[in-house]
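Descriptive structure summary
As a plain string of letters, each chain reads:
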Amino acid sequence: MGSLDRSSSSLSCAQLPGEGVSAASLLALVQTQSAQLALVEQQLSAVQQSHRQVVAALQQAQGQLAHQQHIVQELEQLRQQHQALAAHLHEIQTSTVIRVTRPLVRAKLGLDLALGRRQAATVRPPAMATVPAPTPSDASPLPASVQNDPVHPLHQDVVRLRSSVLPRVLAVSHGWGGGTQQHVEELARHLREQAIFLLLSSQDNGPLRLRWLDERESFSQEFQWPSEQAALVALLRELGVSHVHYHHLVGHTPEVMHLHEHLGVAYDFTAHDYYSACPQISLTTAQKTYCGEQGLAQCRACVHERPAPTQETIDAWQLRHRLFLHQARWVLAPSHDCAQRVQRYFPQARIRYAPHTDMLEHPAAPVRAPLPLPAPRHLRIFLVGGLSAIKGGDVAEAVALEAARLNAPIELHLLGYVFRTFKAQPEASLTIHGSYQEHDLPRLLQRLQPDVVWFPAVWPETYSYTLSTCLQAGLPVVTTDLGAFPERLAQRPWTWVRPWNTSAGDWLAFFLRLRQQFIAAGAPTDEAGQPWEPSGVPEARLGRHDEDWNYARDYLQGLAPASVAAAPASA
């Protein structure tokens, strides 16, 4: 536009045609101004086109945002419907009418089958929707460098695994160690001559680890989940896994619960704790003490305060695990108490009482009556293993503090580790000896010679390997009345079972009375000073899960080496 202004100025200052300006000059000036005007019009048109494109893009973005908001609203509606359906299903499953008529319906179906009125239906579990079953074209179970190297250790491991005539069992668990890990390894040793055991374990923020459960073998592979799920399933097929045993699902995604479907095999589940019913694992409150299992309303409030790792409602959590456990071949519980609790949450599960096998190999020793305790000597009370809050760590520290304050002749000794910093000598009557290796524990107990071993757990333990070691050592034991302790200690002398919520002051008073009894070293007495009488397992603990079952006879029944996916690699 600047050139247009300058030209106009020139025209105004020039002489008119009648004053000596030629027509040719005037025509040239008009043509120049016309060309400049056309250029400006083109530029204006381009700006208008860009503006229209920006407006269209903005309108498209607004439409996508509205669509996403609509999807979010639909997802929220689906979530609410899922919760309502889960609650409705729970009401149906616990309905008196359903519970009463179910046997009649089953009897009618059985009669129809017997008379040929109905054909038996084959129920197939739904396939896992997230990742399709692997095929040779989309999954390579081993790296090419391993497949093509006959002397590679991993190649040789696979060849030996495939060539075995024994059934292959895949154990699924966490990588936290503890009693769960001890049982998995113990079961593999117990049945070593009858089956091969593989372990798939979760690792903190890391890949899944697959290894051969045999201390003589080094086979170990890691798989990212879920990106390498197809390769993992392909390898398990190639190894001929014929059964899956789920021991623990913490640290795993819910999709791992469908692993057996990809392999086309049956599965078992062992309740090492209560993670299937309680996302907090141990049936404990935020204060780390037993919740009392007061019903679904309490569970909903708990999960609202402390969400499940999957962010599910408690209704959805228990429904998912209910479907999983109800389809298992066996749900194994290491104690009557555990079986009864699991049965309450999953009434249709095929639960069997299946104590761990450690006491079969090393039975409990007769309880040794303690030697008379010299009057000046303190009573040495040992706590063994990891002392967390739910295992009574807080109350144990409180007893130690009170004993030191009163200068009471009581000594607490922790042979294990603590979950936080504990007050110890001289502020508290507590000596911490530190961690130990499991195989060293019997020797340490023999050397340190505790007067009594105390298990102050405030959650319902399902078994306790540490208790097994103390029983095998023949030591006097004091426990709480929660979980497996009462039944495992029934009819055992020099053993005391007290309420799980006993206060620190009452515990200290009890131990002082116990010390007087150890000084006398006579027959054990009860709280009232009367001769101690053994008591059996209460009738309420027994149920249909108590059918005769054991690992040696029933666990591997019907299992055989699965057919492998392809011919073995050449050695």
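See the structure above.
For clarity, every value in this text was computed on a predicted model and none was experimentally measured. (Residues numbered from 1 in each chain as written. Predicted model: local features only at pLDDT ≥ 70, side-chain atom pairs only at ≥ 80, totals over all residues. Heavy atoms only, no water.)

1. Let's talk about the sheet that holds strand β14 (residues 495-498)
Pairing is parallel in the open sheet, where six strands are placed in the order β11-β10-β9-β12-β13-β14. The open sheet terminates on both sides in strands that have one partner only, identified here as β11 (430-432) and β14. On average, each strand axis in the sheet is inclined to that of its neighbour by 25°, with strand direction left out of account. Sheet topology note: the strand β9 (residues 379-384)/strand β12 (residues 452-455) ladder contains two bridges and is parallel. Counted as the bridge partner of Ile381 is Val452 from β12. Where helix α15 (residues 465-472) meets the sheet, its contacts fall on β9, β12 and β13 (477-480), and the angle it forms with β12 comes to roughly 165°. (Pairing = 2+ DSSP bridges. Helix = DSSP H or I, 4+ residues; strand = E, 2+ residues; numbered from the N terminus. Axes fitted to C-alpha atoms, helices over the stretch in contact; angles between N-to-C directions. Contact = heavy atoms within 4.5 Å.)

2. Regarding the sheet that holds strand β1 (residues 168-173)
The strand order β4-β3-β2-β1-β5-β6-β7-β8 describes an open sheet built from eight strands, whose pairing is mixed. Strands with a single pairing partner mark the edges of an open sheet, and in this sheet they are β4 (220-223) and β8 (351-353). Mean inter-strand twist for the sheet, computed between neighbouring axes without regard to direction, equals 25°. Strands in contact with helix α5 (residues 153-163) are β1, β2 (196-201), β3 (208-212) and β4; relative to β3, the strand with the most contacts, it is inclined by about 65°. Docked against the sheet, helix α11 (residues 336-345) engages β7 (331-333) and β8, running at close to 170° with respect to β8.

3. Description of the packing of aromatic side chains
Enumeration according to the criterion identifies 23 aromatic pairs in this entry. Here Phe419 and Phe422 contribute two aromatic rings whose centre-to-centre distance is 5.9 Å and whose plane-to-plane angle is 80°, an arrangement assigned as edge-to-face. Residue Phe422 is classed as buried on the basis of its relative accessible area of 10%. Between the aromatic rings of Phe455 and Phe485, the centroid separation amounts to 5.5 Å while the plane-to-plane angle is 40°, which identifies the pairing as tilted. Taken as a pair, Phe455 in strand β12 and Phe485 in helix α16 (residues 485-488) lie far apart in primary sequence, 30 residues in all. By the burial criterion, Phe455 is buried, and Phe485 matches it. Connected via pairs of aromatic rings, a cluster forms that spans Phe197, Trp330, Trp549, Tyr551 and Tyr555. (Phe/Tyr/Trp six-rings, centres within 6.5 Å; stacked < 30°, edge-to-face > 60°. Buried < 20%, exposed > 50% of the residue type's maximum accessible area, 1.4 Å probe, protein only.)

4. Some details on the packing of helix α14 (residues 441-448) against α15
Look at α14 against α15: their axes get within 10 Å of each other, and the N-to-C directions meet at 50°. If you check the angle between α14 and α15, you find them oblique. For the element pair α14 and α15, the recorded crossing hand is right-handed. The segment α14 lies against α15, with Leu441, Pro442 and Leu445 engaging Thr466, Thr469 and Cys470. Per-class residue counts for the contact of α14 with α15 are four nonpolar, two polar and no charged. (Parallel < 35°, antiparallel > 145°, perpendicular 65-115°, else oblique. Left-handed = near helix turned anticlockwise from the far one by under 90°. Nonpolar A, V, L, I, M, F, W, Y, C, P; charged D, E, K, R; others polar.)

5. Section: the pairing of β4
Side chains Gln221 and Phe223 project from β4 onto a buried face, and the interleaved Ser220 and Glu222 project onto a face without burial. Of the strand pairs in this sheet, β3 and β4 are connected by four bridges, and their pairing is antiparallel. Note on β4: the bridge partner recorded for Leu210 is Gln221.

6. Points about a nonpolar patch on the surface
A cluster of nonpolar side chains, contributed by Ile71, Leu75 and Leu78, occupies part of the molecular surface with about 270 Å² of accessible area. Tracing the backbone through its elements, the reader meets Ile71 in helix α2 (residues 23-93). (Patch = residues over 30% accessible without salt bridge, like charges linked within 9 Å, V, L, I, M, F, W, Y side chains within 5 Å. Areas by Shrake-Rupley, 256 points an atom, 1.4 Å probe, with all protein chains shown as cover. Salt bridge = Lys/Arg side-chain N within 4 Å of Asp/Glu carboxyl O.)

7. With respect to the environment of Tyr345
Mapped onto the elements, Tyr345 comes out in helix α11. The class of Tyr345 is buried, set by a relative accessible area of 16%. Sequence separation between Tyr345 and Leu319 is 26 residues, and the spatial gap between their C-alpha atoms is 9.9 Å. Beyond its immediate chain neighbours, meaning those up to four positions away, Tyr345 contacts Ala277, Leu283, Glu293, Gln318 and Arg322.

8. Concerning the nonpolar core
In this structure, Leu170, Leu198, Leu210, Phe219, Tyr246 and Val342 are the most contacted members of the largest nonpolar core, which totals 60 residues. With five residues, helix α7 (residues 229-238) is the largest single contributor of residues to this core. Ranked by size, the runner-up nonpolar core spans 30 residues in total, among them Ala408, Ile410, Leu430 and Phe518. (Core = buried A, V, L, I, M, F, W, Y, C linked by side-chain atoms within 4.5 Å.)

9. Notes on the packing of helix α9 (residues 296-305) against helix α10 (residues 314-326)
Axis separation between α9 and α10 bottoms out at 9 Å; the angle between their running directions is 110°. As the angle between them shows, α9 and α10 are arranged roughly perpendicular. In contact with Leu296, Cys299, Arg300 and Val303 of α9, α10 contributes Ile314, Asp315 and Gln318. Partitioning the contact of α9 with α10 into residue classes produces four nonpolar, one polar and two charged.

10. Some remarks on the pattern of salt bridges
For the structure shown, the criterion picks out 19 salt bridges. When the shortest N-O distance is used, the salt bridge between Asp440 and Arg443 registers 3.3 Å. With relative accessibility at 18%, the residue Asp440 sits in the buried group. Notably, a salt bridge pairs Arg553 with Asp554, separated by 2.8 Å at the nearest N-O pair. Salt bridges sharing partners connect three or more residues here, namely Glu293, Asp337, Arg341 and Arg344.

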